[in-house]
Amino acid sequence: MSIFRILNTTIRSQPIGDTVGSIPIMQPNKSIIFTMPGGYDGAVTLFSPAGYLQQVEYAQQAVQRGSTVVALRTKDCIVMGVEKRAVEPLQIERTVRKIIKLDDHLVITFAGLTADARILVKRAQEEAQNHRRNFERPASVEYITRFMARLKQHYTQSNGRRPFGVSCLIGGFDMDGQPHLYQTEPSGIYYEWSANTTGRLGKTVREHLENNSAEIASVSDEAAAIKQVVRTLVMSTGLDASFYELAVLQHKQPLQVVSPSTVAHLVQVIKRENADKEARLKQQLTRGT
């Protein structure tokens, strides 16, 4: 007989208030509720009283600790920019890429756990290839987005798993040449955007994008779109040009990585423009006083 069965039998035979060794006797036919040390975060399928899945909230925290990424959609191209982390002296920089091609017409960037993103990217690439093979046409941007969102959502309601700690920005072109930009969250939801961001400075960058929404909406060509993304990164992070990486995707064109020299030149131009703007404002305030 196991110790649990012995203890259970002994407890039922003892009057209320007695003890078995140092274990107090509970009232018979009453449920004993054991609470997990972490409250409601011990299982991904367990809702908190406030209606939250705590593991999904923790996954979102992992996203907010990730590098800042920005994406912009124009009528002709998709531009993505990322904030690169500092590279160790002995590390090969090319082993770390955060702007990845899913298919000839699809590109993705992400913020959060890179290892989780690698799994999602591989699954999305396989799905895009399977779609081409089975239907003899490329998958739409929304199709791949729904696939990734469904995969993420499945990991929020399955025991023995945890949510993906990644938020993804997915851009591309449909067969008719129409560009699209989507974002998927760890919870499995997704939305379409004209421009968006995620990562550690996501709130600050989004405020910048919203404050300059009119200027962003008027962007028409590739060069202006690249400059707008660089400006957003500079205004939000204040880092050197070596910490930025940008890529551009156009319809029926291969994914092009913006050269570091171009990024460095744009950063200098933007900083000079900002300095001139501040000088003009200072002059106006001086005249006003």
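Residues numbered from 1 in each chain as written. Predicted model: local features only at pLDDT ≥ 70, side-chain atom pairs only at ≥ 80, totals over all residues. Heavy atoms only, no water.

**Focus on the nonpolar core**
Next, step 1: Ranked by internal contacts, the top residues of the largest apolar core, which has 25 residues, are Val79, Ile226, Val230 and Leu246.
Next, step 2: Mapped by element, the contributors of at least two residues to this core are strand S3 (69-73), strand S4 (77-83), helix H5 (202-211), helix H7 (222-237), strand S11 (244-250) and helix H8 (260-288).
Next, step 3: For this core, the element with the most residues is H7, which contributes 6 residues.
Next, step 4: Apart from the residues within four sequence positions on either side, Leu246 is in contact with Val79, Met80, Gly81, Ile99, Ile226, Val229, Val230, Leu233, Gln256, Val257, Val258 and Val263. (Core = buried A, V, L, I, M, F, W, Y, C linked by side-chain atoms within 4.5 Å. Buried < 20%, exposed > 50% of the residue type's maximum accessible area, 1.4 Å probe, protein only. Helix = DSSP H or I, 4+ residues; strand = E, 2+ residues; numbered from the N terminus. Contact = heavy atoms within 4.5 Å.)

**Observations concerning the pattern of salt bridges**
Next, step 1: The full count for this structure, using the stated rule, is 9 salt bridges.
Next, step 2: Salt-bridge contacts for Glu192 lead to Arg73; the nearest nitrogen and oxygen are separated by 3.6 Å. Of this pair, Glu192 sits in strand S9 (residues 190-192) while Arg73 sits in strand S3, and the two are 119 residues apart along the sequence.
Next, step 3: We classify Glu192 as partly exposed; its relative accessible area is 37%.
Next, step 4: Residue classification places Arg73 among the partly exposed positions, given a relative accessible area of 27%.
Next, step 5: Notably, a salt bridge pairs Arg146 with Glu142, separated by 3.8 Å at the nearest N-O pair. One end of the pair, Arg146, and the other, Glu142, are both in helix H4 (residues 141-154), 4 residues apart, so they sit about a helical turn from each other.
Next, step 6: Judged by relative accessible area, Glu142 falls into the partly exposed class, the value being 33%.
Next, step 7: What you see here is one network of salt bridges that share partners, running through Lys227, Arg231 and Glu273. (Salt bridge = Lys/Arg side-chain N within 4 Å of Asp/Glu carboxyl O.)

**Comments concerning the environment of Gln125**
Next, step 1: Position of Gln125 relative to the elements: it lies in helix H3 (residues 114-135).
Next, step 2: Taking relative accessible area as the criterion, Gln125 reaches 24% and is therefore assigned partly exposed.
Next, step 3: A C-alpha to C-alpha distance of 6.7 Å links Gln125 and Asp103, two positions 22 residues apart in sequence.
Next, step 4: Filtering out sequence-adjacent residues up to four positions away, Gln125 remains in contact with Ile100, Lys101 and Leu102.

**Re H3**
Next, step 1: The end-to-end C-alpha distance of H3 is 31 Å, a good match for the 32 Å that 22 residues give at a rise of 1.5 Å each.
Next, step 2: Of all the residues in H3, the buried ones are Asp116, Ala117, Leu120, Val121, Ala124, Glu127, Ala128 and His131. The buried side chains of H3 occupy one side of the element, clustering within an arc of 130° when seen end-on. Exposed side of H3, more than 90 degrees from the buried face: Arg118, Lys122, Gln129, Arg133 and Asn134 are the residues found there.
Next, step 3: Contact partners of the buried residues in H3: strand S5 (99-103), strand S6 (106-112), H4 and strand S7 (166-173). (Expected span 1.5 Å × (residues − 1). Arc of directions from axis to C-beta.)

**Structural notes on the sheet that holds strand S8 (residues 179-184)**
Next, step 1: Reading across from one edge, S5-S6-S7-S8-S9 is the order of the 5 strands in this open sheet, with antiparallel pairing throughout. What marks the edges here is a single partner per strand, and that holds for S5 and S9. Mean inter-strand twist for the sheet, computed between neighbouring axes without regard to direction, equals 25°.
Next, step 2: Judged from the 3 bridges that link them, S8 and S9 form a sheet pairing that is antiparallel. Its bridge partner lying in S9, Tyr182 is registered against Glu192. (Pairing = 2+ DSSP bridges. Axes fitted to C-alpha atoms, helices over the stretch in contact; angles between N-to-C directions.)

**Here we look at unusual backbone geometry**
Next, step 1: Of note in the backbone geometry, Glu136 takes a positive phi value of approximately 55° without being a glycine.
Next, step 2: Along the chain, Glu136 falls in the loop between H3 and H4.
Next, step 3: By relative accessible area, which is 72% here, Glu136 ends up exposed.
Next, step 4: One non-glycine residue with positive phi stands out, namely Lys252, at about 60°.
Next, step 5: With respect to the helices and strands, Lys252 occurs in the loop between S11 and strand S12 (256-257).
Next, step 6: Looking at Lys252, the relative accessible area reads 74%, which means it is exposed.

**With respect to the packing of aromatic side chains**
Next, step 1: Using the criterion set out here, one finds 3 aromatic pairs in the structure.
Next, step 2: Geometry around Tyr155 places Arg161 over its ring, the cationic atom sitting 4.6 Å from the centre. (Phe/Tyr/Trp six-rings, centres within 6.5 Å; stacked < 30°, edge-to-face > 60°. Lys NZ or Arg CZ within 6 Å of the ring centre and 35° of its normal.)

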